[in-house]
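Now for the letters of each chain:
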Amino acid sequence: MKKFFSLILLIIIVVGMIYTIHQIPFGKNQSKIGKYFVANGKDETGAANIVTSVVVGYRSFDTLGEVTVLFLAAIGLGAILTTTKKQNHDIEKASLILNTGCRFLFPLVLLFSAYIFIHGHLSPGGGFQGGAVVASGFLLIYLACPGKRINKVGNTISESVGGLIFIILGAIGLFVGDRYFLANFLPKGELNTLFSAGIIPIIYIALGFKVGSELNSVIDKMMEES
Amino acid sequence: MKEITYINPVLLIAVPLALAFIIPILKFVWEKSIKWIPVAGFLFDLIVSITLIPIVLQKNIIVKIGGTTTPFSINLVVGPAGLLLSIMISLAGFLVAIYALKYIQEGDKTKYHILFMLLLTGAIGVVLTGDIFNLFVFFEVLCISSYALVGYLGNRAGIESSIKYLIQGSIGSSLLLVGIGLIYGQYGTLNMADLAAQIKTADSISLFVPMFFMITGLGIEAAIFPLNSWLPDAHSSAPSSISAVLSGIAIEVGLYAMMRILFTIFAAESFMGFLLFLGVITLLIGEMSAFSQNNIKRMLAYSSIGQIGLIVFAFSIATASGLSGGFFQMISHTLNKALLFLATGFMIYRTGSMEISSFRGLGKKMPLTALFFTIGTFSIIGLPPFVGFASKFLIFKAALAKQELLFIILIAVIILTTVIEGAYFFRIIQTLYFKESDDKSSKQESAITALIPMFIFALLILILGIYPNWIMKFIHSAASELLNKMSYLRSVLG
């Protein structure tokens, strides 16, 4: 009986969703705000990458919230995981090739991630993506060289400072120019060059550090538990 | 027109957020100061919110963020309703943070304070935002910190209820997100005022489905029957200071978001009849379950379900006086339940047990704590001259003003639940004062940092109970703001 009701409910939901999705004009350029972003994004924010102009320009407040969600997830995981009992078991040492290869790749991965978040306003990518690449580099080291740990103090500081830079830059906007939070108060520069788009590249660099250190602390916790 | 200068309301969110980011650094530099950070942050929020009252009573403040063109960038809409809740949140945050100075002794305190700050910051974001996706983001901030805080003590029950809450809450958040996605797909905008301007009625299926998803998603956080099975476990296994904000703030914020979506975006008056019944059923089930509990925190948690049912009922009357009653009941529930949980926290600490039977004779051993607890129970039952009486009275008045048989029957049911409520709360009072304790240990009061916030809550309960008119103007304008879709639209879109 329970299963029967679940099935009925599921069918109703699925039919409703299909009907609703059918109403959405996919593949046509009809979204009002979409059109506006494509038409005015470059001029208003100075970022050549339209996605960036939305993520760190028009909807930067959401981005601030999302970084906070990630920050919370890392902390929440720590709050719950640290309370469970730890088991020590030996990890087999990685082979020489793996070990050397990972240590060779590590700086390259970091360099690549820096490229991604520094060029976030010009090419696909940005702070979140760059931060994820940073964390993948550290994960490589964790897997290949057991016993190595990140510097927790440095990690925490880069995490906090990254978030603070975002908020402080936003708050400066309250006092200059148009006086709104997260206003782009720096000169926009020439489109499609590295030094353009005002505060966007700075925010993205801060985000790269913040997201990278948050994911690092998650990896660190998980590796400790495993 | 003369330009009035005021502090930008975005700082209500930005300042606590920045302080929460500073806490991890402070851990290395000056660890003792960490527990004062939430106190400072919410004191700031409380003061700023109160200074905004006269401005908001005249017109809504629209705060632009990240751009100046309205439907394209995010904006906050600080109206009377949002500001009223933001004052409640920062007041509860401030007082509970003072309580936590002494109360939180175990676990990783740094994490506790960060999570506590972000929980309430998320709540402030939800009540102030004017953008539906932004609402989702802050809602996630609120929910994720609650999941972590429920499991903060790290015991088996805590982790179990935390995971249970996590699973149900995540389903709720996903439903909300799917609903927002479906709406965005159809209208191509996320600004609530812009959406409201385009949606005339919620009668078509393509609007009903997203509305259903959003209401179900928010209903899980707001603990409306039948979506509330996580609540008793979660609220009872969290530390008491957290139970106070979860019961007093988090569920109400979920409910406010739901009402904002229903009234402002969908203008779904036809849906209200359904919610009316859900509210009364939630109330009845909550109070009946509370009656059969022997564990004090579970009893209070079930009582929260009952109270949220009453608030849903009040909002679903969908008249100005009904909404006023709902807002007043929210205020009174925040004050009552926070006071009850805070008092319970130290009573449990003292006796080492959550069983009501172990509280025998505490009225003599902890006279002040027991007195504050008694004030909280009297108020929540609705005895004059406490605030609970004023708010329940307002709801009854609003329902009877409808002059329909249905409302008279529902009011009868609500009065019945008040009797149940009285029965189980008086049982505790009896245990506290009229049963002799076995052990003859001496008097030992709660810590002074706990007594001060309890005293302020009790004082507010008494003052607002005797002089409800002091805040009635504010509550009425909050109610008319929530009810009047057109004035909201005009204030945002110009």
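Residues numbered from 1 in each chain as written. Chains lettered and ligands numbered in written order. Predicted model: local features only at pLDDT ≥ 70, side-chain atom pairs only at ≥ 80, totals over all residues.

1. Details of the overall build of chain A
Okay, step 1: In terms of regular secondary structure, chain A is built from eight helices and zero strands.
Okay, step 2: For chain A, whose C-alpha radius of gyration is 22 Å, the value lies well above the compact-globule estimate of 17 Å for 226 residues.
Okay, step 3: With the C-alpha coordinates aligned to their principal axes, the bounding extent of chain A is approximately 65 × 60 × 35 Å.
Okay, step 4: In chain A, which comprises 226 residues, the share counted as buried stands at 38%. (Helix = DSSP H or I, 4+ residues; strand = E, 2+ residues; numbered from the N terminus. Rg over C-alpha atoms; globule rule 2.2 N^0.38 Å. Buried ≥ 20, exposed ≤ 12 C-beta atoms within 10 Å, placed from the backbone.)

2. Focus: the overall build of chain B
Okay, step 1: Looking only at helices and strands, one finds 20 helices and two strands in chain B.
Okay, step 2: For a compact globule of 494 residues, the expected C-alpha radius of gyration is about 23 Å, and chain B comes in at 22 Å, within 12% of that figure.
Okay, step 3: Relative to its 494 residues, chain B shows a buried fraction of 62%.
Okay, step 4: Long-range pairs, those at least 24 residues apart, make up 80% of the contacts in chain B between residues at least 6 apart in sequence. (Contact = placed C-beta atoms within 7 Å.)

3. Digging into the packing of helix α7 (residues 152-172) of chain A against helix α8 (residues 200-225) of chain A
All names here are of chain A.
Okay, step 1: Two numbers describe how α7 lies on α8: the axes approach to 8 Å, and their chain directions differ by 145°. α8 is crossed by α7, and the crossing has left-handed handedness. Here Asn155, Ser158, Glu159, Gly162, Gly163, Ile165, Phe166 and Leu169 of α7 come into contact with α8, specifically with Ile202, Ile203, Ala206, Leu207, Phe209, Lys210, Ser213, Glu214, Asn216 and Ser217.
Okay, step 2: Classifying every residue of the contact of α7 with α8 gives eight nonpolar, seven polar and three charged. (Axes fitted to C-alpha atoms, helices over the stretch in contact; angles between N-to-C directions. Left-handed = near helix turned anticlockwise from the far one by under 90°. Nonpolar A, V, L, I, M, F, W, Y, C, P; charged D, E, K, R; others polar.)

4. Digging into the interface of chain B and chain A
Quite often, the size of an interface is put as the accessible area lost when its parts meet.
Okay, step 1: On the side of chain A, 46 residues touch chain B, which itself brings 49 residues to the contact.
Okay, step 2: For the side of chain B that touches chain A, the elements supplying multiple residues, two or more each, are α1 (11-29), β1 (61-65), α4 (109-128), α5 (132-150), α6 (156-187) and α8 (205-222) of chain B.
Okay, step 3: A per-element tally of the side of chain B that touches chain A places α5 of chain B first, with ten residues.
Okay, step 4: Split by residue class, the side of chain B that touches chain A holds 29 nonpolar, 16 polar and four charged.

5. Side note on the pairing of β1 of chain B
All names here are of chain B.
Okay, step 1: Burial within β1 is extensive, with four of its five residues counted as buried.
Okay, step 2: Two strands pair when backbone bridges link them, and β1 and strand β2 (residues 74-78) are joined in this way by five bridges, in the antiparallel orientation. Among the inter-strand pairings, Ile65 is bridged to a residue of β2, identified as Ile74. (Pairing = 2+ DSSP bridges.)

6. Observations regarding helix α3 (residues 50-58) of chain A
Okay, step 1: Within α3 of chain A, seven of the nine residues are buried, which leaves the element mostly enclosed by the surrounding structure.
Okay, step 2: Summarising the contacts, the buried residues of α3 of chain A are in contact with α2 (32-45), α4 (60-81) and α8 of chain A.

7. Looking at the nonpolar core
Residues and elements named next belong to chain B.
Okay, step 1: Leu115, Ala123, Leu142, Val245, Val253 and Leu339 are the most contacted members of the largest nonpolar core, which has 232 residues in total.
Okay, step 2: Ranked by the residues each element gives to this core, the list is headed by helix α10 (residues 240-266), at 18 residues.
Okay, step 3: If we skip the residues at most four places from it in the chain, Val253 touches Leu85, Ala123, Val126, Val127 and Leu142. (Core = buried A, V, L, I, M, F, W, Y, C linked by C-beta atoms within 7 Å.)

8. Side note on the confidence of the model for chain A
Okay, step 1: Chain-level statistics for chain A give a pLDDT mean of 85 and a share of 94% at 70 or above.
Okay, step 2: Here α2 of chain A stands out as the element of chain A with the lowest mean pLDDT, 83, in contrast to helix α5 (residues 96-118) of chain A, whose mean of 91 is the highest. (pLDDT = per-residue confidence, 0-100.)

9. Some thoughts on the pairing of β2 of chain B
Okay, step 1: Judged by how many residues are buried, β2 of chain B sits mostly within the fold: five of five residues are covered.
Okay, step 2: Across the two faces of β2 of chain B the burial is the same, with Ile74, Leu76 and Val78 of chain B and Asn75 and Val77 of chain B all buried.

10. So, the environment of Ser304 of chain B
Residue and element names in this part refer to chain B.
Okay, step 1: Relative to the assigned elements, Ser304 resides in helix α12 (residues 296-316).
Okay, step 2: For Ser304, a count of 30 C-beta atoms within 10 Å gives the class buried.
Okay, step 3: In this structure the C-alpha to C-alpha distance between Ser304 and Ala401, which are 97 residues apart in sequence, comes to 26 Å.
Okay, step 4: Ignoring anything within four residues of it in the chain, the contact list for Ser304 reads His235, Ser247, Ile251 and Lys337.

11. Digging into the environment of Ser358 of chain B
All names here are of chain B.
Okay, step 1: Note on placement: Ser358 falls in the loop between α13 (320-351) and α14 (362-365).
Okay, step 2: Among the residues examined, Ser358 registers 19 C-beta atoms within 10 Å and is labelled partly exposed.
Okay, step 3: As a C-alpha pair, Ser358 and Met347 span eleven residues in sequence and 9.7 Å in three-dimensional space.

12. Section: unusual backbone geometry
Okay, step 1: Here the bond from Phe225 of chain B into Pro226 of chain B is cis, since omega is 5°, no more than 30 degrees from zero.
Okay, step 2: Position of Pro226 of chain B relative to the elements: it lies in the loop between α8 and α9 (231-237).
Okay, step 3: The residue after Pro384 of chain B, namely Pro385 of chain B, is reached through a cis peptide bond having omega 5°.
Okay, step 4: Along the chain, Pro385 of chain B falls in the loop between α15 (367-381) and α16 (387-400).
Okay, step 5: One non-glycine residue, Leu182 of chain A, lies in positive phi territory at about 60°.
Okay, step 6: Positionally, Leu182 of chain A belongs in the loop between α7 and α8.
Okay, step 7: Residue class for Leu182 of chain A comes out buried when judged on the 31 C-beta atoms lying within 10 Å of it.
Okay, step 8: Even without a glycine there, the phi angle at Ala318 of chain B is positive, about 60°.
Okay, step 9: Among the secondary structure elements, Ala318 of chain B is positioned in the loop between α12 and α13.
Okay, step 10: C-beta crowding within 10 Å serves as the criterion here: with 22 such atoms nearby, Ala318 of chain B is assigned to the buried category.

13. Considering the packing of α8 of chain B against α10 of chain B
Residue and element names in this part refer to chain B.
Okay, step 1: Close contact between α8 and α10 brings their axes to 7 Å; oriented N to C, the two are set at 165°. Relative to α10, the element α8 lies roughly antiparallel. As α8 runs across α10, the sense of the crossing is left-handed. Contact with α8, carried on its side by Leu207, Met211, Met214, Ile215, Leu218, Gly219, Glu221 and Ala222, involves Ala250, Ile251, Gly254, Leu255, Ala257, Met258, Ile261 and Phe266 of α10 and no other residues of that element.
Okay, step 2: For the contact of α8 with α10, a count of residues per class yields 13 nonpolar, two polar and one charged. (Parallel < 35°, antiparallel > 145°, perpendicular 65-115°, else oblique.)

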